[in-house]
Amino acid sequence: MVKAEPTPLPSFGGSGGLIAGQQEASIGEQVMTSIRRSAPQVQDPLVYDYLYSVIYRLVPSAPLDNRNLKLVLIDSPALNAFAVPGGVVGVNGGLFLSATTEQQFASVLAHELAHLSQRHFARRMEQQETSAPLTLAGMIAGIVLSAVTQSDIGIAAIAGTQAMAIQNMLSYSRAHEQEADRVGLDILANAGLDPRGMPEMFEIMMRQNRLQGNKMPEYLSTHPLTQSRVSDTQNRAEQYPSKTVHDSQEYHLMRSRLQVHYAKTPASAVEIFESYLNRDDTKKNDAIRYGLAVAYKENKQLAKAESILQELLSKNPGRITFQVTLAEIYTEQKRYEDARQILKTALSRNPGNYPITWALAGLEIADGNGSAAARYLKDLTRQRPSGDQIWLRLAEAEGMARNIVGVHRARAEYDALRGDYRSAQRQLRQAQEKLPAGSAERQVVSERLSDIASRIQQANRS
């Protein structure tokens, strides 16, 4: 293990305290339900898959008891990230805009994993419970609305007189921040990333704070940052063995995708990326060229987008991001067989890959092949059963295939993930009515109905 110096830090990852294992899991589940309902998320499998890969590069180096994390990618250009009990880790799309290197980006994730591993949020909740008892529902509402939507009015409406207490609980103490810095630096180093990315990211945050007239980035409202803390982190980072760590190309490709996503218009995105390519220092940069291709695609200049993607693929024929994006262009051009050939070849080399499988499902829906799309989406539901948008798209594909039972079952899972158990129950009952008595599928539906009924009873008791 790489260490800057012996740093005896307590690990609070066990099940002790007022808020223990099962309760933290319940909190995480309720937070995810609230996020699915109320927070816009980036629905881009390529970006999500990249985020997943970075998190799980860091996780083996993090002192976590529970490594089964739930990832959230909030659709906001603001710089923000959060981690709450139950293993929920979230970032705003804006983190990609602010972090100019992968090392900086990963440092924020490492910092959040450190908070999670040291149970900082849970410990603050425990302290709050002893001084001013809160209902679990009130805490969940405060967590979601503050960390995700930054809506103080929303907190007041849902949590009532406890709103201020929840807001105070959300803001980490300086001691917890320093502890998370130290643990986060170790996580970065042990994952083979550059710890110097953390003080660099802090400098970016401080600079943004100054440029915005001291209107701090949302991240700093819950993660207080001082110049002394930046200096301390710089000093600690310099104590790690010096080595050159190169960013992955994929980070910069995803950053380009989100720069296009957050541009005012597709036309303005084209203008921005064309200007980048006119500069000597970036004109040969494949990530910039890829960004221009995505901008052309969004601006419906499909021939120009295709030309750039073909050139990029000629240099790097196995890169999934290029393959999926070109297939999306072919799909928009209704060149379904060309798109199918690219994606099926890619899937044969990368079995189970999420972005490729999602793109294949979209292609088959566009081509009117609901049954084929449903097969791909069912594969994804087995991989990612908590992916609410996968279930919603499966319902669409089953409807296209005229599989009414399949529509009801998929829609039930979507509703359940969003906490609408009554609607899920109605959907399953409608599926059950259409299935023959004694059939294996009816038995599966009946068992799921029983589970949903238990959840309704549990919700009524709380």
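Residues numbered from 1 in each chain as written. Predicted model: local features only at pLDDT ≥ 70, side-chain atom pairs only at ≥ 80, totals over all residues. Heavy atoms only, no water.

**Quick look at the side chain of Gln103**
As a reminder of what qualifies: In this text, helices come from DSSP runs of H or I with a minimum length of four residues, and strands from runs of E with a minimum of two, each type numbered from the N-terminal end. Exposed residues in this analysis have more than 50% of their type's maximum accessible area, buried residues have under 20%, and partly exposed residues fall in between, with area computed by a 1.4 Å probe over protein chains only. Polar contacts, as counted here, are pairs of nitrogen or oxygen atoms within 3.5 Å of one another; within protein the pair requires one atom able to donate a hydrogen and one able to accept it, and residues that are adjacent in sequence qualify only if both atoms are side-chain atoms. Contacts were defined at the residue level, with two residues in contact if any of their heavy atoms lie within 4.5 Å.
Residue position: Gln103 is located in helix H4 (residues 102-117). A relative accessible area of 5% means that Gln103 is categorised as buried. Among the polar contacts made by the side chain of Gln103, one reaches the side chain of Asp247 at a distance of 3.0 Å. Excluding its chain neighbours within four sequence positions, the residues that come into contact with Gln103 are Leu193, Asp194, Gly197, Val245, His246 and Asp247.

**Considerations on the pattern of salt bridges**
The condition is simple: Salt bridge criterion: a side-chain nitrogen from Lys or Arg within 4 Å of a carboxyl oxygen from Asp or Glu.
One pass over the structure, following the stated rule, counts 27 salt bridges. Linking Lys315 and Asp286 is a salt bridge whose minimum nitrogen-to-oxygen distance equals 2.9 Å. Of the two residues, Lys315 sits in helix H16 (residues 302-315) while Asp286 sits in helix H15 (residues 286-298), which places them 29 residues apart along the sequence. Taking the relative accessible area as the measure of exposure, Lys315 reaches 52% and is therefore exposed. Residue classification places Asp286 among the buried residues on the basis of a relative accessible area of 17%.

**Topic: the packing of helix H18 (residues 336-349) against helix H19 (residues 354-366)**
Note the threshold: For helices, the fitted line uses only the C-alpha atoms of the stretch in contact; every axis is such a line through C-alpha atoms, and the angle between N-to-C directions lies from 0 to 180 degrees. Roughly parallel refers to an angle under 35 degrees, roughly antiparallel to one over 145, roughly perpendicular to one between 65 and 115, and oblique to any angle outside these ranges. Each crossing is labelled by how the near helix is turned from the far one, with a counterclockwise turn of less than a right angle marking it left-handed and a clockwise turn marking it right-handed.
One can describe the packing of H18 onto H19 by two numbers: an axis separation of 10 Å at closest approach and a directional angle of 155°. Comparing the axis directions of H18 and H19 gives the class roughly antiparallel. The two elements H18 and H19 meet at a crossing, and its hand is left-handed. Where H18 abuts H19, its residues Tyr336, Ala339, Arg340, Leu343, Lys344, Ala346 and Leu347 lie against Ile356, Thr357, Ala359, Leu360, Leu363, Glu364 and Ala366.

**Some words on the nonpolar core**
Buried together is how nonpolar side chains tend to be arranged in soluble globular proteins. Stated precisely, the cut-off is as follows: To define a nonpolar core, start from buried Ala, Val, Leu, Ile, Met, Phe, Trp, Tyr and Cys residues and group those joined through side-chain atoms within 4.5 Å.
Judged by nonpolar contacts, the single largest core of 106 residues is most densely connected at Leu58, Leu69, Phe96, Phe105 and Leu113. Contacts of Phe105, omitting those with residues within four sequence positions, involve Tyr50, Leu51, Leu95, Phe96, Ala99 and Tyr251. If you look at the next biggest cluster of nonpolar residues, it comprises 12 residues, including Ala416, Ala424, Leu435 and Val445.

**As for H18**
Quick note on the threshold: What a helix is expected to span follows from its residue count: subtract one and scale by 1.5 Å. Our arc is simply the arc of the directions from the helix axis toward the C-beta atoms.
Over its 14 residues, H18 extends 20 Å from the first C-alpha to the last, a length consistent with the 20 Å expected when each residue adds 1.5 Å. The set of residues buried in H18 consists of Tyr336, Ala339, Arg340, Ile342, Leu343, Ala346 and Leu347. Buried residues of H18 fall within an arc of 165° about the axis and therefore sit on the same side. Exposed residues lying more than 90 degrees from the buried face of H18 are Glu337, Gln341, Ser348 and Arg349. Check the buried side of H18 and you find it contacts helix H17 (320-332), H19 and helix H20 (370-383).

**Concerning the confidence of the model for the protein chain**
Going by this rule: Values of pLDDT, which run from 0 to 100, indicate the predictor's confidence residue by residue.
Put simply, the protein chain has an average pLDDT of 84, and 78% of its residues get 70 or more. Overall, residues 151-166 carries pLDDT values under 50, and its contacts beyond four positions in sequence, including any with other chains, amount to 22 contacts.

**Quick look at the pairing of strand S3 (residues 88-92)**
Put simply, the rule reads: Two strands pair if DSSP finds at least two bridges between them.
Burial runs high along S3: 5 of the 5 residues are buried. Burial along S3 is two-sided: Val88, Gly90 and Asn92 and Val89 and Val91, pointing in opposite directions, are all buried. Note that strand S1 (residues 70-74) and S3 share 5 bridges and pair parallel. Paired with Val72 across the bridge in S3 is Gly90. Bridge count for strand S2 (residues 81-84) against S3 is 4 bridges, and the pairing is antiparallel. Residue pairing for S3: Phe82 is matched across the bridge by Gly90.

**Digging into the environment of Asn299**
Relative to the elements of secondary structure, Asn299 occurs in the loop between H15 and H16. Given a relative accessible area of 28%, Asn299 falls into the partly exposed group. Considered as a pair, Asn299 and Thr265 are 34 residues apart in the sequence and their alpha carbons are 8.3 Å apart. Among all residues touching Asn299, those that are not within four sequence positions of it are Pro266, Ala267 and Val270. A distance of 3.5 Å separates a polar side-chain atom of Asn299 from the backbone nitrogen of Ala267.

**Some remarks on the packing of H15 against H16**
In contact at an axis separation of 7 Å, H15 and H16 are set at 150° when each is read in the N-to-C sense. Between H15 and H16, the crossing angle belongs to the class labelled roughly antiparallel. Relative to H16, the crossing made by H15 is left-handed. In this structure, H15 contributes Asp286, Arg289, Tyr290, Leu292, Ala293, Tyr296 and Lys297 to the contact, and H16 contributes Leu302, Lys304, Ala305, Ile308, Leu309, Glu311, Leu312 and Lys315.

**Quick notes on the packing of aromatic side chains**
What counts here: Within 6.5 Å between ring centres, the rings of Phe, Tyr and Trp (the latter by its six-membered ring) count as paired, and their orientation is classed by plane angle as stacked under 30 degrees, edge-to-face over 60, tilted in between. Lysine NZ or arginine CZ positioned within 6 Å of the ring centre and within 35 degrees of the ring normal marks a charge as sitting over the ring.
Taken as a whole and assessed by the stated rule, the structure comprises 11 aromatic pairs. Both rings, one in Phe273 and one in Tyr276, keep their centres 5.3 Å apart while their planes meet at 80°; by these two values the pair is edge-to-face. With a gap of 3 residues between them, Phe273 and Tyr276 both fall in helix H14 (residues 266-277), about one helical turn apart. Relative accessible area serves as the criterion here: at 1%, Phe273 is assigned to the buried category. Using a relative accessible area of 22% as the deciding quantity, one classes Tyr276 as partly exposed. One cation-aromatic arrangement involves Arg229 over Phe202; the distance from NZ or CZ to the ring centre is 4.7 Å. When the ring centre of Trp358 is taken as origin, the NZ or CZ atom of Arg393, which lies over that ring, is 4.4 Å away.

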